Amino acid sequence: MNQPFIRNHQYNLIKKQTGLLKSACSNVSDPKVVESVRYSAQSKMIEAFPDATELQQQLLEKIATLHTAEQFQHYLESLEPYLAEFPQITGKQLNKLFPKIKKMKQPDLTALDYRHLTYLGWVDIATNKLFLVYPLNGKFVGIEGRFTPTNKGVCFFCNRHEDVALFSAITKHRPAKASPDYYKAIGNYVCVDSEVCNKNITDVTALEKFVREVTGYEEI
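Thresholds applied
- Residues numbered from 1 in each chain as written.
- Predicted model: local features only at pLDDT ≥ 70, side-chain atom pairs only at ≥ 80, totals over all residues.
- Heavy atoms only, no water.
- Salt bridge = Lys/Arg side-chain N within 4 Å of Asp/Glu carboxyl O.
- Helix = DSSP H or I, 4+ residues; strand = E, 2+ residues; numbered from the N terminus.
- Buried < 20%, exposed > 50% of the residue type's maximum accessible area, 1.4 Å probe, protein only.

## Some remarks on the pattern of salt bridges
Phase 1 of the analysis: In total, this model carries six salt bridges according to the counting rule given.
Phase 2 of the analysis: For E35, the salt bridge is made with R38, and the minimal N-O distance between the two is 3.3 Å. Placement of both E35 and R38 in helix α2 (residues 31-47) is noted, with a separation of three residues, approximately one turn of the helix.
Phase 3 of the analysis: The exposure class assigned to E35 is partly exposed, which follows from its relative accessible area of 42%.
Phase 4 of the analysis: Across the pair E213 and K209 runs a salt bridge, and its minimum N-O distance is 2.7 Å. Placement of both E213 and K209 in helix α7 (residues 205-215) is noted, with a separation of four residues, approximately one turn of the helix.
Phase 5 of the analysis: Owing to a relative accessible area of 32%, E213 belongs among the partly exposed residues under this scheme.
Phase 6 of the analysis: K209 gets classed as partly exposed once you look at its relative accessible area, which sits at 44%.

As structure tokens, then:
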């Protein structure tokens, strides 16, 4: 039985490295250059799975044997049964994460492909707010913030050049001696389209940093 262990951002990284190696195999005539790209791709994939079992590592290392376009395509398809889904979430759970928001506009949860989801994000155009849900340390956390579209830029979460907006949220973390009226806004430029961002993201470091700073959750 296949045990899912590849999260969405890790699968995106695998696709990126596979694409780079595929391109090298097709367009580069120098075998040494191709092998250098192959070694780099394999190393980055293994680094992304520090807790991989021996069998999981062997599965990832099969990239070292690929040469043709058909082999690369088959390899990616063979990994799909190992994709770990984003935890299922209900409308009631969303309401509990944002208790102060009355009649909150929710995304269509039935239309989501949870295998290709790193975080759940949606925009309420009427209020110019972005809502973000992420499973941190096994528990859903929710963030809401002002959403101000700008132009093209680099997304803080996925590090890709896309249509971005300034996402500004009030942190829940308060210094020990803060005054009663203390507040601090944390803002970053993020993808306007969360679906695009979820297809791009290959590392959750920046995303988790933002979530922790806003929510005040400490590292465990």
